[in-house]
Amino acid sequence: CTYNRAPLLRRALGALCGQTLGLERFEVIVIDDGSTDDTRAEVEHFANILSLRYAYQTNSGLATGKNHGLFLARAPLVVFLDDDDVLDSRCLEEHYLTHQLYQQPHDAVLGYTGLAHEPAQSPLMRYVTEIGCQLFSYPSLTPDTVLDFSYFWGGRSSCKRKFLLEHGVFNPLFRFGAEDIELGFRLEPQGLRVIYNPRAISYMIRTLTFEDFCRRCYLQGRSNWVFSELHPHPLV
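These numbers were taken from a predicted model, which means no experiment stands behind them.

Peer 1: Could you give an account of the overall build of the chain, naming the residues involved and the relevant values?
Peer 2: Within the chain, the secondary structure is distributed over 9 helices and 8 strands. A compact globule built from 236 residues should have a C-alpha radius of gyration of about 18 Å, and the chain, at 17 Å, falls within 12% of that. Taking all 236 residues of the chain together, 47% fall into the buried category. With 22 positive and 28 negative side-chain charges, the chain shows a spacing of 3 Å between the two charge centroids.

Peer 1: Go over unusual backbone geometry with me, naming the residues and quoting the values.
Peer 2: The backbone of Cys133 sits at a positive phi, close to 60 degrees, despite the residue not being glycine. Inspection of the secondary structure puts Cys133 in the loop between helix H6 (123-131) and strand S6 (146-147). In the Ramachandran plot, Ala178 falls in the positive-phi region, its phi being about 75 degrees despite a non-glycine side chain. Relative to the helices and strands, Ala178 resides in the loop between helix H7 (161-167) and helix H8 (179-187).

Peer 1: Help me get a handle on the pattern of salt bridges, residues and values and all.
Peer 2: Tallied over the entire structure, the rule returns 17 salt bridges. In this structure, Arg156 and Asp82 form a salt bridge, with 2.5 Å as the shortest nitrogen-oxygen distance. One end of the pair, Arg156, is in strand S7 (residues 156-160); the other, Asp82, is in the loop between strand S3 (77-81) and strand S4 (85-87), and 74 residues separate them in sequence. What makes Arg156 buried here is its relative accessible area of 8%. Overlapping salt bridges, with partners in common, bring together Arg90, Glu93, Glu94, Asp144 and Arg199 in one network.

Peer 1: Which residues make up the environment of Phe152, and what values go with them?
Peer 2: For Phe152, the position within the fold is in the loop between S6 and S7. Among all residues touching Phe152, those that are not within four sequence positions of it are Ala108, Ser157, Cys159, Asp180, Ile181, Leu183, Gly184, Leu192 and Val194.

Peer 1: Can you tell me about helix H1 (residues 6-16), naming the residues and giving the values?
Peer 2: Those residues of H1 not exposed but buried are Ala6, Leu8, Leu9, Ala12, Leu13, Ala15 and Leu16. Contact partners of the buried residues in H1: strand S1 (28-32), helix H2 (39-45), strand S2 (52-56), S3, S4 and helix H4 (91-101).

Peer 1: Could you give an account of the layout of surface pockets, naming the residues involved and the relevant values?
Peer 2: Any space left empty among the atoms is revealed by the rolling of a water-sized probe across them. Taken as a whole, the largest pocket spans an internal volume of roughly 1,600 Å³. Forming the walls of the largest pocket are 47 residues, and the residues nearest its centre are Leu62, Phe176, Gly177, Arg216 and Gln220. Considering every element that reaches the lining of the largest pocket, the biggest residue donor is helix H9 (residues 210-230), with 10 residues. Its residues assigned to classes, the lining of the largest pocket comprises 18 nonpolar, 13 polar and 16 charged. Of the pockets and cavities examined, the second largest pocket occupies roughly 810 Å³. Elements with a contribution of two residues or more to the lining of the second largest pocket: H1, S1, helix H3 (62-72), S3, S4 and H4.

Parameters at a glance
- Residues numbered from 1 in each chain as written.
- Predicted model: local features only at pLDDT ≥ 70, side-chain atom pairs only at ≥ 80, totals over all residues.
- Heavy atoms only, no water.
- Helix = DSSP H or I, 4+ residues; strand = E, 2+ residues; numbered from the N terminus.
- Rg over C-alpha atoms; globule rule 2.2 N^0.38 Å.
- Buried < 20%, exposed > 50% of the residue type's maximum accessible area, 1.4 Å probe, protein only.
- Lys, Arg positive; Asp, Glu negative; His and termini not counted.
- Charge placed at Lys NZ, Arg CZ, Asp CG, Glu CD.
- Salt bridge = Lys/Arg side-chain N within 4 Å of Asp/Glu carboxyl O.
- Contact = heavy atoms within 4.5 Å.
- 1 Å grid on protein atoms, 1.4 Å probe; cavity = no way out; pocket = protein on both sides within 12 Å on 5 of 7 lines; lining within 4 Å.
- Points joined across faces, edges and corners; volume = space filled by probe spheres on them.
- Nonpolar A, V, L, I, M, F, W, Y, C, P; charged D, E, K, R; others polar.

Written out as structure tokens, the structure is:
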């Protein structure tokens, strides 16, 4: 899913061109959530390299965009990616190999997202990923452990497509934030479990300013409130 981030999307798609899994073994679906920049032109630049499909929708938010991509997908495994992340060359292969080990329909995989060179120079970015862990929370995780629904993190997770189609998709109420965890919460009674593979690596390439991060926290807080209203449960 992407919205008005054509330069970042170019880098994200470029990283997909170098996957060790092999270009013939995966498709890329770009959901354009109402962009007004050069997003479509950037996608067309990769049309002869990747097995790629582009779909435009009126600006509707992340949950709707992810559902759109899920419905268009044809492969049995789906990997949800962010437009401001670039993948390590082995990322998709690592997701695939983990699903080969954990073949139950309810098994999902969480990959690892670190900071690319530029964001890693920012004290704020290092703090919110390594110390305060407001953005990512990896330091406490152990490789290859089985985790609960709260680790079904968007943009770095994969799962069996059929499992979502049969038991629940993203709630379109969530335009930004909590759409992933809320779905995980609904899927846990159906057996969802998340396997952490830190070898499925991606890197965030966007540096958030303090103002960016405050706005992100505000939007996340609004989504968390909606989550709590939908599910008045102790775990929420």
